[in-house]
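# Geometric and topological summary
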Amino acid sequence: MQNDLEETVIAAFMCNLPVVIVEGQDDIKFYDNVARLNNISVDVRAIETVDGYTEGCDQVCDAMTEVQELIRNDDRLKRYVMGIIDRDVRQYLNTVPEVANLLVLKYYSYETHLITDKTISRLIEQLTMAPGSMITQEVVNYLKQDFDSNVEALYYFSLEALKKMCEPSYSSDITYGVNGGAVIGGGRVHKWGLIEPKIDDLNQFALHHNISRNELKYIAKGKWFLSYWCDYLRVKAKELKELCGNEIPMCKYCEANQREKCLWRTSSSFQVPELESLLNTTQFIDTDEVKYISDFMIESLAC
């Protein structure tokens, strides 16, 4: 039996366990892990588990608006409920909500937060024989620069989808509704064939909205951004052995002319969904990247 919103918030107060309301099932693990990494005791709950609501950001916003009436009747409840929603592309549509106890993410979605210098380093350590001490900032910077030089398709896919959001009558060849698999591998090649002829028009659109490639974390769907990075690192990890001593520091085995034992060689093979799942675990989440989320929980809740 589902509790309604009032029952949910009152139960949080009675049990001294604040509730964090999120958009859907996919969000629960991430926000629960963020809380646990900071020793924050909360009940992370998808809005669709509250009677009278379905999944999605608008539903969370509606719930937090309803919560304001509960708080007006009993101010003690304010410290026992908060909501979190994706930013999506709201800043380009001027629709960023301002509701008490509601956190709007700084990037497109939580998935965008899973790729940082620290998590890139940890993934390369997982994928190769190289110990963490070898994966220096120099190595991470090389990977980021190389990624940036190969991100053209993702950038224009994102502009195409954003233009559709800003101009509903626009006939787009890709929308934010497609999943991450559609923008990597064979899906990317097919989609790029549709989008490449539109580059000049999309550049004009970007110029009009003051968008550059530096805004990729804001305009790329989080699942696309994550899939693109995981696919890149999965493939790039297989090439690092050939870069040893050139683009990246030479390992001791190659210095000793024992290249068959190069520490940059792959140690394991993962597919994109496996890497995505790995990045959403407590071992990989970068606490510095999500500090503003845990800070909001601490400042807003009795936890």
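In this report, the structure presented in the accompanying data block is examined. (Residues numbered from 1 in each chain as written. Predicted model: local features only at pLDDT ≥ 70, side-chain atom pairs only at ≥ 80, totals over all residues. Heavy atoms only, no water.)

### Some remarks on the pattern of salt bridges
By the definition in use, this model includes 19 salt bridges. With a closest N to O distance of 4.0 Å, K223 and D26 form a salt bridge. Remark: D26 occurs in helix α2 (residues 25-37) and K223 occurs in helix α11 (residues 222-236); sequence separation between them is 197 residues. A relative accessible area of 34% places K223 in the partly exposed class. A residue is classified by how much of its surface remains accessible, and D26, at 46% relative accessible area, is partly exposed. Measuring nitrogen to oxygen at the nearest pair gives 2.7 Å for the salt bridge that ties K198 to E160. A residue pair is termed long-range when its members are at least 10 positions apart, and K198 in the loop between α8 (185-195) and α9 (199-208) and E160 in helix α7 (residues 152-166) qualify at 38 residues. Here K198 matches E160 in class, with each residue buried. A single salt-bridge network, built from bridges that share partners, covers D26, E111 and K223. (Salt bridge = Lys/Arg side-chain N within 4 Å of Asp/Glu carboxyl O. Helix = DSSP H or I, 4+ residues; strand = E, 2+ residues; numbered from the N terminus. Buried < 20%, exposed > 50% of the residue type's maximum accessible area, 1.4 Å probe, protein only.)

### Focus: the pairing of strand β1 (residues 19-22)
In β1, alternate side chains face the same way, and those of V19 and I21 on one face and V20 and V22 on the other are all buried. In this sheet, strand β2 (residues 43-46) lies alongside β1 in parallel orientation, the contact comprising four bridges. Considered in β2, the bridge of V19 is made with D43. Taking the sense of rotation as the criterion, the β-α-β connection linking β1, α2 and β2 turns out right-handed. As defined by bridge partners, β1 adjoins strand β3 (residues 81-85) across three bridges and the pair is classed as parallel. (Pairing = 2+ DSSP bridges. Right-handed = clockwise from strand over helix to strand, strands pointing away.)

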